[in-house]
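Structural characterization, general
Residue-level listing of the chains:
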Amino acid sequence: MVFKQVSSPHGHARQKTGEIMQLVVLATLPGFLVLTYQFGWGLLINLLIATLSAISAEALVLKLRNRPIDFYLRDYSAVVTAVLLALALPPLAPWWLVVVATVFSIVIAKQLYGGLGSNPFNPAMVGYVVALISFPIEMTTWVTPISLLAADISHPGLLESLAIVFTDNSPVDGVTGATPLDLFKHNDGLLVEQIYQNNTLFSRASFAGVGWEWANVAFLIGGLALLKARVFTWHGPMAMLGTLALMSMLFWDGGSSNSPGSPIMHLFSGASMLGAFFIVTDPVSSTVSNRGRLIYGALIGLLVYVIRAWGSYPDAVAFAVLLGNFAAPFIDNYTVPRTYGHDKSRRATAKEKSE
Amino acid sequence: MRQIWNTPGGVHPPDNKEQSLTKNIGHLPLPEKLILPLTQHAGTAAKTCVVVGEKVLKGQKLASASAGISAAVHAPSSGWITAIEERSVAHPSGMSAACIEITCDGEDRWIERVSYPNYQQASAMQLRDLIADAGIAGLGGAGFPSAIKLDSGTKKPIDTLIINATECEPYITADDILICERADQIIQGIDIVSHLLGKPKTILIGIENNKPEAIAALNQHCQGTGIEVVYFPTKYPSGGEKQLIYILTGKEVPSGQLPADLGMVCLNSGTAFAIKRAVIDGEPLISRITTLAGEACGVNRNYEILIGTPVSHLLQHNNFDQALCSRLIMGGPMMGFSLASSEVPLIKTSTCILAPSHTEIPDDEPPQPCIRCGLCSEACPASLLPQQLYWYSRAKDHERLQSHNLFDCIECGACSYVCPSNIPLVQYYRSSKGDITNALATKATAAISRERFEFRQVRLEKADIARESKREARRLNTEQAKKMSPSTTQSTGSSAADIIKAAQLRGITKQASPEQQKAKLQRTLLAAQMRLEEAQQRLVQVTNKGSAHQQAQQLASVEAARRKVEQTTQRLTEVSH
C-alpha cells in the first residue's frame, strides 16, 4: 500500500492567521461604537471608504504581482489596516483624504515591500502620517463630541454626512472644535486647574476629556480581550502605557501652566489606548522577543510623550510608532532570548567562533 | 513531593490516548516473513554474521555491533535467512537500506538463553557487555545504543538516573500500558542499571500526570526501593531528554554536551524493561510494545510486536481501511514521520503506528505569509526565535541561523503546530541544518587541500634553492679545474666524459633507495600521527566547552588527520614489501 508523504508535525492548532486578523477587527468594535456615538456618522463613512479602497488596492496589486487574489485577501490584513485608519482619521474628513491614506498604506507601505509580513513599517501609520503631513488642515479638523454640542445643534445626519464627505463641504461651525490634547498644546499661561474649569471638554468630563476618555476605555477593553485571547503578549502595550504614565508623572509639574497634563489625561486621550493595543502590537513591524517588545513599547511611550509635550503635534502615536519601527531591528539584535543550554543570550549578529 | 521546574514554551495538543488504552497488550499471529534492517538505532549499521540459507533460532544474533556507535540485531523468531539485501525501511526519506529477511518456520524455537538472575554479583563491565550483546537501543524513539550511554558511567561518576516515562506525544500509550501491566519488571530493570552505574544517589521516574494508573502502579512497586516517582503537568514536549532533565532537576544540559557531563543518565522506561529481559531472562531485544492508533484502524490498542514485523501485517489484523486513511505515520503526530509504504518493518524505535482519518488529521492547508506573530517563540521549549530562524532559513543566511542557535532546535514541532499561517517551520530547520553541515564538511576538505598545497609549495621552493646551490658549487668546481688544467683541448674531451659520468651518478643517487623512501615515509607517518593526536586533543577541548558547530569542525579535521595516517601506513607497508 502506498501513502502520502508529509513532514511532521501532523496536525495543527486551530487558530489561523485570517482568524487572528478578524479577532483584531472585532476587538475594535467597542471603541468604534463609542466613537460613533460621540462623533456621529463620519466614523462609519470613514470605515466604508477605507475598507473598500483597501480591498480594491490590495486586489489590484496582487493581480499586478500575479498572486492569487482570493487566497491573500482572506488573510484580512487589508481590512485591519482599513479599520485602524478609519478609527484614526477625523470623522467627516473628505473622501479623498481617506482614499489617499488607505491606498498609500496598502500599496506603498505594504505591497511594494512584498506584502503581508514583509513591511518594515506599520502600513496604517504610514498612511496616517502621509495624510497628516500633506493635508494638515483636513487632518486636524475634529468633530465636537455629542455631549458638548449646544442644545440646538446636532451632528449631521447620515445623508448630510455623506454630502459633507463627498462634496467636500466643511462641516458647519459649532460642530468642530479642539481636542483635549490641543488644549494643552496651545495653552498660554493657564494652570491645569484653570484649563479644566474653563473648558467644557474637561469640566464635563468624567476623568480625562469628554469623548476621548470613553473611547480610550473602550479600546482598552478590546485590547484586554485580545490579550486574553493570546493574540499578543502584555509586554509591548504595558511598556508603552507604563512609560507614558511615568513620563507624565515626572513632568506633571504640580499642574503649573507649564505642565503638559496629568498621567490620566495622557493615558486616556488621543490614540493612547488604540496605539498601545492595536498599533504597538502589530507583530510584523515590531520587535520579535518579549524583552525586545518591552524596550520597543517603552521607546514608543517615551516618544509619544516627548512629541506631545515638546513637539509641534498635539498627538504623536503615529510618529512614535514609525520611529519605533525604525529601531526594531536594532533592538532585536540585542534582545535574542537565552537558549536552553547556553549561559547567556547572544547577539543576533554574533559570529560563530572558529578555530 | 520533589520540586519540579517549569520549562518555557510547550503546547497542549489533544491527548488522544484513551482510544488505545481500552484493551490490554495484544499479540499478533507470527508473520510469514520478518525484515530486520541493520540500522535500527542511532549510529552505524551492524555487521551481518549469518548467510542466506542459514537456519536461525529465535534470539540468535544475526548481525553484531560494528565499531563505534552501533547495536546488534537478533532473530525475533526461528526460520531461514532468505535474503540479505536492500529493502525500503522506515525513514523520513523513504530510503532503502540493508536488511536481513527471515522466513519464519512457525516453530518459534528459542536458542539457548544465558541469563543472570543474580546480576548483583556481576561486574558493571559484564552487565554492560550483556546489554550491548542484547542489541538494546533507546526504545523511546531516538534509538541510541544503551550500552554506550551506560558506558559514560565509567568516565564520570553518575549521581542521577532518570527514567523517562513521560510519553508526551499524543496517541502513544506504549510506555503507559507497559508500566500498568509490567511495572515490577521495569523496576527490576532500573535496579540493574542502578547496580551497573554504581548506585546513583538519586533515581527518578518522570511521568506526566495524564497517566494516573501508571503512576499508581509505579508508586506501588517503588515503595522502599529509593526510587522516586515524579509526576508533573502534561505539556508537549516534556518528554524530550533535555526538557525532562530540566523539569526534574532544574539543570540544563549545556549546548553540545551530554547529560553524562552533568552526572546524569536518562533512559526510557521501555528500555529499562528491555534491560531486565536481557539480563534476567537472557532474551535479547526482539520485541517491543507498539501502539496502533487512528480512526482508519478498526481496533486501537497496544501490541507486543516482534521487531521486523511489516507494518502491513499489523494493519491487516486490525481492520485497516486505506480509503479512510489520510497518511500513515510511524511515531506520534508531533515528531513521527509519514511512511510511503506499509511494507516497511517495525523496528526497535517504533513507538507507534498512527493511521488517522481525513477528519482526524486533515491535509495541510497552503502556507500563508509569516506575520511574526510570535506564537512560535511562545511555544518553543528551547527559547529560540522560530520566526527569525524561518526568515534566515529562507534567505540561506547560515551565519544568522547559527547566531540564533539553530542547532539547539530539537525539532519537536511545537512551532509548526501553533503557526497560524501553516508554515512547515521544522522542515525549514531540518533542511538548513543539513545545508550547514554539508557546507562545514566542504570547508574542512578545502582547508586540508589548502594545507597540502602550501606544504608542497614550500617543499618545491626548498628543492629549488638546494638545486641552485648545488649548481653554484659545481660551477665553482669546474672553474677551479679549468684553472688547474694546462691543456684546454684535452680537458674538453675528458670533461665531457666526466659530465656524462657525473650525470649517471646523479641519476642513481636521485632514485632514492628503498631505505631512504622508507625513512621518509616514517617521518611523514610520525608527523601525521602527531597532527592526529593534536586534533584529538582539540576535539576533547571543544567537546567540553565549544559549540556544536566547533565540534563538527574539529571532528572533520580529526577525520582528515586519521585518513592521512592510514594512507601513510599503507604506503609504508607497500614499500616495506
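Definitions and limits used
Residues numbered from 1 in each chain as written. Chains lettered and ligands numbered in written order. Predicted model: local features only at pLDDT ≥ 70, side-chain atom pairs only at ≥ 80, totals over all residues. Heavy atoms only, no water. Helix = DSSP H or I, 4+ residues; strand = E, 2+ residues; numbered from the N terminus. Pairing = 2+ DSSP bridges. 1 Å grid on protein atoms, 1.4 Å probe; cavity = no way out; pocket = protein on both sides within 12 Å on 5 of 7 lines; lining within 4 Å. Points joined across faces, edges and corners; volume = space filled by probe spheres on them. Nonpolar A, V, L, I, M, F, W, Y, C, P; charged D, E, K, R; others polar. Domains from an automatic or database assignment. Contact = heavy atoms within 4.5 Å. Buried area = accessible area lost by both parts, 1.4 Å probe. Salt bridge = Lys/Arg side-chain N within 4 Å of Asp/Glu carboxyl O. Polar contact = N/O pair within 3.5 Å; in protein donor to acceptor, adjacent residues only side chain to side chain. Axes fitted to C-alpha atoms, helices over the stretch in contact; angles between N-to-C directions. Phe/Tyr/Trp six-rings, centres within 6.5 Å; stacked < 30°, edge-to-face > 60°. Buried < 20%, exposed > 50% of the residue type's maximum accessible area, 1.4 Å probe, protein only. Lys NZ or Arg CZ within 6 Å of the ring centre and 35° of its normal.

Re unusual backbone geometry
Note that the residue after A:Ser8, namely A:Pro9, is joined by a cis bond; omega there is -5°. Turning to its location among the elements, A:Pro9 is positioned in the segment before helix 1 (17-27). Of note, the bond from B:Tyr236 into B:Pro237 is cis; its omega dihedral lies within 30 degrees of zero at 0°. On the secondary structure map, B:Pro237 appears in the loop between strand 10 (227-232) and helix 5 (241-249). The phi dihedral of A:Leu92 falls on the positive side, at around 65°, and the residue is not glycine. You can see A:Leu92 is positioned in the loop between helix 5 (77-88) and helix 6 (95-110).

Examining the sheet that holds strand 2 (residues 47-48) of chain B
All names here are of chain B. With antiparallel pairing, the three strands of this open sheet are ordered in space as 2-4-5. Looking at which strands have only one partner, the edges of the open sheet turn out to be strand 2 and strand 5 (73-74). Bridge count between strand 2 and strand 4 (residues 61-64): two bridges; the pairing is antiparallel. Note on strand 4: the bridge partner recorded for Thr 48 is Ala 63.

Some thoughts on empty space enclosed by the protein
Residue and element names in this part refer to chain A. Going through the model one piece at a time under the given rule, you end up with five cavities of 30 Å³ or more. Empty space within the largest cavity amounts to approximately 430 Å³. Met 21, Thr 281, Asp 282, Pro 283 and Val 284 are, among the 31 residues lining the largest cavity, the residues nearest its centre. Of all elements in the fold, only helix 1, helix 5, helix 7 (123-134), helix 14 (235-250), helix 16 (272-279) and helix 17 (290-310) reach the threshold of two or more residues within the lining of the largest cavity. Counting residues per element, the lining of the largest cavity draws most heavily on helix 5, at four residues. Partitioning the lining of the largest cavity into residue classes produces 20 nonpolar, eight polar and three charged.

Concerning the domain arrangement of chain A
All names here are of chain A. The assigned domain composition of chain A is domain 1 (15-177) and domain 2 (179-335). A C-alpha centroid distance of 21 Å is found between domain 1 and domain 2. Facing the 32 residues of domain 1 at the interface are 28 residues of domain 2. Where domain 1 abuts domain 2, roughly 2600 Å² becomes buried across the two surfaces, and 80% of that area is made up of carbon and sulfur atoms. A per-residue breakdown of the area domain 1 buries against domain 2 is headed by Phe 121, Met 125 and Leu 148, which together make up 21% of the total. At the boundary of domain 1 and domain 2, one finds zero salt bridges. Here domain 1 is connected to domain 2 by two residue pairs in polar contact (both at pLDDT 80 or more). Counting residues per element, the ones that place at least two in the side of domain 1 that touches domain 2 are helix 1, helix 2 (29-39), helix 5, helix 7 and strand 1 (142-143).

Notes on the sheet that holds strand 9 (residues 202-208) of chain B
Residues and elements named next belong to chain B. Taken in spatial order, the four strands line up as 10-9-8-11 in an open sheet, and their pairing is parallel. In the strand order of this sheet, the two ends are held by strand 10 and strand 11 (264-268), each with one partner. Within this sheet the neighbouring strands show an average axis-to-axis angle of 25°, counted without direction. In the sheet, strand 8 (residues 160-164) pairs with strand 11 via five bridges, with the strands oriented parallel. Among the inter-strand pairings, Leu 161 is bridged to a residue of strand 11, identified as Val 265.

Quick word on the environment of B:Tyr417
Checked against the element boundaries, B:Tyr417 lands in helix 11 (residues 414-418). Remark: the alpha-carbon pair of B:Tyr417 and B:Leu262, spanning 155 residues in sequence, is separated by 31 Å.

What to know about the packing of aromatic side chains
A full pass over the atoms with the stated rule returns 20 aromatic pairs over all chains. The interplanar angle of 15° and the centroid separation of 6.3 Å between the aromatic rings of A:Trp95 and A:Phe166 together place this pair among those described as stacked. In this pair, A:Trp95 is assigned in helix 6 and A:Phe166 in helix 9 (residues 158-167), connecting sequence segments 71 residues apart. Given the relative accessible area of 35%, A:Trp95 is considered partly exposed. You can call A:Phe166 partly exposed: its relative accessible area is 43%. Ring centres 6.5 Å apart and planes at 75° place the aromatic pair A:Phe184 and A:Tyr196 in the edge-to-face group. One end of the pair, A:Phe184, is in helix 10 (residues 180-185); the other, A:Tyr196, is in helix 11 (residues 192-198), and 12 residues separate them in sequence. Note on A:Tyr196: relative accessible area 25%, which makes it partly exposed. Here the aromatic cluster, defined as three or more aromatic residues joined through ring pairs, consists of A:Phe39, A:Trp142 and A:Trp212. Stacked on the ring of B:Trp110, the Lys or Arg B:Arg113 has its end atom at 4.0 Å from the ring centre.

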